[in-house]
Amino acid sequence: MKPIDEKHIAEPGLVVLDITGGDEDTVRAVMATLEERWATSGIASVRRDPGEPGVRARIYADVLRPGRVGL
């Protein structure tokens, strides 16, 4: 994954989350739950790194703005 620097999260409340899980379903479930709580970049691509166990994804979130309402 690309490195993260201050320019990516220059505003208060913006966070970058790298999620690692045992399988794609678990990682997608975590991203869906985050999307319900906060405004996020949405369900991201899940990838496998050769020689590394599990799968990874990156999601961007604004913890100051609520996510989907009424679900």
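Residues numbered from 1 in each chain as written. Predicted model: local features only at pLDDT ≥ 70, side-chain atom pairs only at ≥ 80, totals over all residues. Heavy atoms only, no water.

### Quick word on the sheet that holds strand β2 (residues 38-40)
Thought 1: Strands sit in the order β1-β3-β2 across an open sheet of three strands; the sheet is antiparallel. In this open sheet, the two edge strands, each paired with only one partner strand, are β1 (14-21) and β2. Put simply, the sheet's adjacent strands are angled 40° from each other on average, direction ignored.
Thought 2: Pairing between β1 and strand β3 (residues 55-66): eight bridges, direction antiparallel. What sits directly across from leucine 17, in β3, is isoleucine 59.
Thought 3: The strands touched by helix α1 (residues 24-37) are β1, β2 and β3; relative to β3, the strand with the most contacts, the crossing angle is about 10°. (Pairing = 2+ DSSP bridges. Helix = DSSP H or I, 4+ residues; strand = E, 2+ residues; numbered from the N terminus. Axes fitted to C-alpha atoms, helices over the stretch in contact; angles between N-to-C directions. Contact = heavy atoms within 4.5 Å.)

### A few points about the nonpolar core
Thought 1: Counting residues in hydrophobic clusters, the biggest one holds nine residues: Ile19, Val27, Met31, Leu34, Ala44, Val46, Val55, Ala57 and Ile59.
Thought 2: Dropping the residues within four chain positions of it, isoleucine 59 is found in contact with Val15, Val16, Leu17, Ile19, Met31, Leu34, Thr40, Ser41 and Gly42. (Core = buried A, V, L, I, M, F, W, Y, C linked by side-chain atoms within 4.5 Å. Buried < 20%, exposed > 50% of the residue type's maximum accessible area, 1.4 Å probe, protein only.)

### Here we look at the pattern of salt bridges
Thought 1: Counting across every chain of the model gives five salt bridges.
Thought 2: With a shortest N-O distance of 2.2 Å, aspartate 49 and arginine 47 are connected by a salt bridge.
Thought 3: Aspartate 49 sits in the buried class, given a relative accessible area of 16%.
Thought 4: According to the relative accessible area criterion, arginine 47 is partly exposed, its value standing at 28%.
Thought 5: Notably, a salt bridge pairs aspartate 49 with arginine 56, separated by 3.1 Å at the nearest N-O pair.
Thought 6: Of the residues examined, arginine 56 reaches a relative accessible area of 27% and is grouped as partly exposed.
Thought 7: A network of salt bridges, in which partner residues are shared, links Arg47, Asp49 and Arg56. (Salt bridge = Lys/Arg side-chain N within 4 Å of Asp/Glu carboxyl O.)

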